[in-house]
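If you want the building blocks of each chain, they are given just below.
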Amino acid sequence: MKSKFRVFATCDIGESINLLRSKGYEVEVYPQPEAPPKKLIVEKVKSGVDGLITTLRDQIDAEVFEAGKGTLRVVSQIAVGFDNINRADANRYKIPFTNTADVLTDATAEFAFFMMGALARRLWTSEHITRENKWGFWHPYLPFLGDEVTGKTVAVIGTGRIGLAMIKKCSGFDMNVLCYDPAYENRDFVAAIQEEMDHRHKRGLTREKNWIKYVSFEEAMKQADFVSVHVPLLRTGETATPTYHLFNEQTLRLMKPTAFLINTSRGPVVEEAALAKALKENWIAGAALDVYEKEPLPKDSPLRDPAIEDRCRLMPHFASQARITRLSTDPAKGMAGRCAQGLLDVLEGNYGGDITKMPYVVNKEAFAK
C-alpha cells in the first residue's frame, strides 16, 4: 500500500515520529546525532518527499526548495528560531515553514534564571574546590564570596514571551526589573506585575517595595546587576531596530563592573570577542551563555580562555532541553508534538487548507490573498 505522505527528518524527534507513521506516513529519520550534510538533505528532497523536519543546524534555502519543486509541501522546524531557513526563498517557492514557539517559553526562562543564580552564587567554582579537594577550612569570606539574587535589579532585554516569563520568575525573588524592548513595550503586563509587587508588600510578604519599569537600553545596561537577553536576531537591513552584536565593546562598557550578562536568545546578538575582552579586563563580573555566534562553539573561541573560565559559564544550547518541553507529543506542551502538528496541518489541509490560519506556520505572508 502506498504511503499517505513521505517525510524526511534530519533528526529523531521521539514518539512523534511514530505518531506520523500511525497516520500512514512513510518517515525516514537521519540516524546520527550530528546534522546531516546539506547534500544529503537535497538528495532526499529531490527524491520526492512531501515534508521535511529540520533543526537549527540545517541550512534550508533555494537549493533545497528547487530540489523539491513540485513535491515538497512543508518544512517543519523543531525550534522557535528559524535563522537557518531563508524566508525569502521559502516565499518565492511558496513553501510554508513552521516553528515551535510558545512551548519552550517557561523552560528557556527557567534556564536563564538558573544560569543567573549559578553565576551569582559561583556554583561552578564552589563545586570545583570541593571536588579538587581544595576546601580545607571554613571562613566568612575566603576563598571568595558569591552574591544574592534576591533584592537585586535585573534588566530584561526583550519582552516577548520568554522575556515576560523571565520577569515573572524574577519578581518571585523580590527583584526589581528594568525592561527594554526595541520593538514593543507590553505596558499592561508591566502594570500587572507592579500591582502584584505592591500587593505583596502591602500584605507584609516583602520587606522592601519592589518595582518594574520600561527604560532605555542605556539605562538598563548601566543600572542592572544582571542583564538577561531575550531578543530575536535581527540584522541591519531587516529592521529599523537590529539586534546583531547589540552587545559589543561599546555597550558592554555601560555595565557595572559587578554586573552579569546572561544570553539564552541568539548567539550573534553578543559579539563574543568583545565579551571575552570585557571578562578578561574585568569590565563586568561574569557571563553565562547558552547560544553562540557559531555552533558548536569552536575550539579556538576566545570564550574558552582559561583566564576567564571561573567567570564564564558555557552551556550547549541547552535551555529548552527538558523532557516534556522537547519530546511531548502534545502540541500544547512539547516541541516534537508541535513540530509534527505543524507538518500535519499543511499536509492534511487542516483549517480548510488555508495556510494563513495555521497557527504554527511562520511565513503566512506568502499565502495571503
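What comes next concerns the included structure. All values reported here derive from a predicted model rather than from experimental measurement.

1. Thoughts on the packing of helix α7 (residues 161–171) against helix α8 (residues 187–202)
Logical step 1: Orientation of α7 relative to α8, taken along the N-to-C sense of each, is 10 degrees, at an axis distance of 11 Å. Between α7 and α8, the angle is such that the two are roughly parallel. Of α8, the residues touching α7 (which contributes L164, I167, K168 and S171) are F189, I193, E196, M197 and R200.
Logical step 2: Of the residues assigned to the contact of α7 with α8, the class counts are 5 nonpolar, 1 polar and 3 charged.

2. Things to note about helix α13 (residues 335–348)
Logical step 1: The first and last C-alpha atoms of α13 sit 19 Å apart over 14 residues, in line with the 20 Å expected at 1.5 Å per residue.
Logical step 2: Within α13, burial applies to M335, A336, G337, R338, C339, A340, G342, L343, L344, D345, V346 and L347.
Logical step 3: Buried residues along α13 sit in contact with β1 (6–9), α1 (15–22), β3 (51–54), β4 (74–77), β5 (97–98) and α12 (323–327).
Logical step 4: Positive phi appears at G349, one or two residues downstream of α13, with a value of about 70 degrees.

3. A closer look at the pairing of β3
Logical step 1: Every second residue of β3 is oriented toward a common face, with G51 and I53 on one face and L52 and T54 on the other, all of them buried.
Logical step 2: In this structure, β1 lies alongside β3, joined through 3 bridges in parallel fashion. Bridge pairing in β3 places A9 opposite I53.
Logical step 3: In the sheet, β3 pairs with β4 via 4 bridges, with the strands oriented parallel. Looking at β4, one finds that L52 is bridged to V75.
Logical step 4: At this point the chain moves from β3, through helix α3 (residues 62–67), to the parallel β4, and the crossover so formed is right-handed.

4. Comments concerning the side chain of S228
Logical step 1: Along the chain, S228 turns up in strand β9 (residues 226–229).
Logical step 2: Looking at S228, the relative accessible area reads 0%, which means it is buried.
Logical step 3: One polar contact links S228 to H230, side chain to side chain, over a distance of 2.7 Å.
Logical step 4: Apart from the residues within four sequence positions on either side, S228 is in contact with A112, A155, V156, I157, M166 and I262.

5. Considering the state of the cysteines
Logical step 1: The full count for this structure, using the stated rule, is 0 disulfides.
Logical step 2: No disulfide involves C339; its nearest neighbouring cysteine sulfur is the one of C11, lying 7.6 Å away.
Logical step 3: On the basis of relative accessible area, C339 is assigned to the buried category, the value being 0%.

6. What to know about the sheet that holds strand β6 (residues 153–157)
Logical step 1: Pairing in this open sheet of 7 strands is parallel, and the strands run β8-β7-β6-β9-β10-β11-β12 from one edge to the other. Of all strands in the sheet, those bounded by a partner on one side alone are β8 (212–214) and β12 (312–314). With direction set aside, neighbouring strand axes in the sheet form an average angle of 15 degrees.
Logical step 2: Bridge count between strand β10 (residues 260–263) and strand β11 (residues 286–289): 4 bridges; the pairing is parallel. Of the residues in β11, the one forming a bridge with F260 is G286.
Logical step 3: Helix α11 (residues 272–280) contacts β10, β11 and β12 of the sheet and is inclined by roughly 145 degrees relative to β11.

7. Points about the packing of helix α5 (residues 105–121) against α7
Logical step 1: For the pair α5 and α7, the least separation of the axes is 8 Å and the interaxial angle reads 50 degrees. Taken together, the axis directions place α5 and α7 in an arrangement best described as oblique. Seen along the crossing, α5 lies across α7 with a hand that is right-handed. Counting all contacts with α5, which are made through T105, D106, T108, A109, E110, A112, F113 and M116, the residues of α7 involved are R161, I162, A165, M166, K169 and C170.
Logical step 2: Partitioned by chemical class, the residues of the contact of α5 with α7 number 8 nonpolar, 2 polar and 4 charged.

8. So, a nonpolar patch on the surface
Logical step 1: Taken together, F137, Y141, L142 and L145 make up a surface patch of nonpolar side chains, about 440 Å² in accessible area.
Logical step 2: You can see F137 is positioned in the loop between α6 (123–131) and β6.
Logical step 3: Here F137 falls in the partly exposed class, since its relative accessible area comes to 47%.

9. Notes on unusual backbone geometry
Logical step 1: The residue after L142, namely P143, is reached through a cis peptide bond having omega 10 degrees.
Logical step 2: Cis geometry is found at the peptide bond from E295 to P296, where omega equals -5 degrees.
Logical step 3: Positionally, P296 belongs in the loop between β11 and β12.
Logical step 4: A positive phi is found at N282, a non-glycine position, where the angle reads about 60 degrees.
Logical step 5: Among the secondary structure elements, N282 is positioned in the loop between α11 and β11.

10. A look at the environment of M315
Logical step 1: Relative to the assigned elements, M315 resides in the loop between β12 and α12.
Logical step 2: Since its relative accessible area comes to 27%, M315 is described here as partly exposed.
Logical step 3: When the C-alpha atoms of M315 and T264 are compared, they prove to be 9.6 Å apart, with 51 residues separating the residues in sequence.
Logical step 4: The contacts of M315, once residues within four sequence positions are left out, are F111, M115, L289, D290 and Y292.

11. As for the sheet that holds β5
Logical step 1: Strand order in the open sheet made by the 5 strands is β2-β1-β3-β4-β5, with parallel pairing throughout. Strands at the two margins of the open sheet, each flanked by one partner only, are β2 (26–29) and β5.
Logical step 2: Running at roughly 165 degrees to β4, α13 makes contact with β1, β3, β4 and β5 of the sheet.

Scoring rules and cut-offs
- Residues numbered from 1 in each chain as written.
- Predicted model: local features only at pLDDT ≥ 70, side-chain atom pairs only at ≥ 80, totals over all residues.
- Heavy atoms only, no water.
- Axes fitted to C-alpha atoms, helices over the stretch in contact; angles between N-to-C directions.
- Helix = DSSP H or I, 4+ residues; strand = E, 2+ residues; numbered from the N terminus.
- Parallel < 35°, antiparallel > 145°, perpendicular 65-115°, else oblique.
- Contact = heavy atoms within 4.5 Å.
- Nonpolar A, V, L, I, M, F, W, Y, C, P; charged D, E, K, R; others polar.
- Expected span 1.5 Å × (residues − 1).
- Buried < 20%, exposed > 50% of the residue type's maximum accessible area, 1.4 Å probe, protein only.
- Pairing = 2+ DSSP bridges.
- Right-handed = clockwise from strand over helix to strand, strands pointing away.
- Polar contact = N/O pair within 3.5 Å; in protein donor to acceptor, adjacent residues only side chain to side chain.
- Disulfide = S-S within 2.5 Å.
- Left-handed = near helix turned anticlockwise from the far one by under 90°.
- Patch = residues over 30% accessible without salt bridge, like charges linked within 9 Å, V, L, I, M, F, W, Y side chains within 5 Å.
- Areas by Shrake-Rupley, 256 points an atom, 1.4 Å probe, with all protein chains shown as cover.
- Salt bridge = Lys/Arg side-chain N within 4 Å of Asp/Glu carboxyl O.

Everything listed is a geometric property; what it means functionally is a separate question.
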